[in-house]
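# Coordinate analysis (summary)
Listed here are the chains, written in short residue letters.
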Amino acid sequence: MPLFVDTNAIVAHQYERASRHEEIRPVIQAIGTNDLPYYPLVTNQYVLDEVVSLLLSHAGARIAHQVLERILETDTFRVLDVEPSLADRAIEQFRAYDDQSISLTDHLIGVQARDYEIDHILTYDDGFQTLGFTALPHE
């Protein structure tokens with residue numbers, strides 16, 4: 001069963017100085033086991049853009065480049081393309097949730113996860129529950 005991974009979970013795992021780094025490590029280590037039988041880890045181009053942008057501003061270019069290469073070179077992650085029609089559907093959903101503080105990227109993840117029949121998101125954002133997904137790790 002695939003698991004969609006959000007920006008904040010990737011940054012927390014990949015950047016040792018992130019506030020939740022120690023918290024996410026055992027979660028990532030448990031993925032693919034009986035405790036968390038998720039595989040592959042799925043993300044998309046928008047998430048990668050956010051990860052790189054955050055790391056550039058908080059950790060510097062070297063770390064941002066290293067993390068991007070690790071994600072792109074591993075068999076663990078599958079990076080999904082974002083087609084224009086998908087972005088259009090995410091924008092429609094963003095507009096429909098105009099009373100919520102859910103980012104456009106999170107809406108895009110939600111639309112894409114539904115397309116791939118993925119119902120669990122590795123994230124620290126609350127908005128995914130509002131969109132009908134199960135967020136991991138459970139707090």
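Summarised in this report is the structure supplied together with it. Quick caveat: nothing in here was measured; it's all calculated off a predicted structure.

### A short note on a nonpolar patch on the surface
On the surface, I91, F94 and L104 cluster together into a nonpolar patch covering about 220 Å² of accessible area. Within the secondary structure layout, I91 lies in helix 5 (residues 84-96).

### Quick look at the packing of helix 1 (residues 7-14) against helix 2 (residues 21-30)
The contact between helix 1 and helix 2 brings their axes to 8 Å, and the two run at 100°. By the angle between their axes, helix 1 is roughly perpendicular relative to helix 2. Residues A9, A12 and H13 of helix 1 pack against H21, I24, R25 and I28 of helix 2. Tallied by class, residues from the contact of helix 1 with helix 2 come to four nonpolar, two polar and one charged.

Quick notes on the rules
- Residues numbered from 1 in each chain as written.
- Predicted model: local features only at pLDDT ≥ 70, side-chain atom pairs only at ≥ 80, totals over all residues.
- Heavy atoms only, no water.
- Patch = residues over 30% accessible without salt bridge, like charges linked within 9 Å, V, L, I, M, F, W, Y side chains within 5 Å.
- Areas by Shrake-Rupley, 256 points an atom, 1.4 Å probe, with all protein chains shown as cover.
- Salt bridge = Lys/Arg side-chain N within 4 Å of Asp/Glu carboxyl O.
- Helix = DSSP H or I, 4+ residues; strand = E, 2+ residues; numbered from the N terminus.
- Axes fitted to C-alpha atoms, helices over the stretch in contact; angles between N-to-C directions.
- Parallel < 35°, antiparallel > 145°, perpendicular 65-115°, else oblique.
- Contact = heavy atoms within 4.5 Å.
- Nonpolar A, V, L, I, M, F, W, Y, C, P; charged D, E, K, R; others polar.

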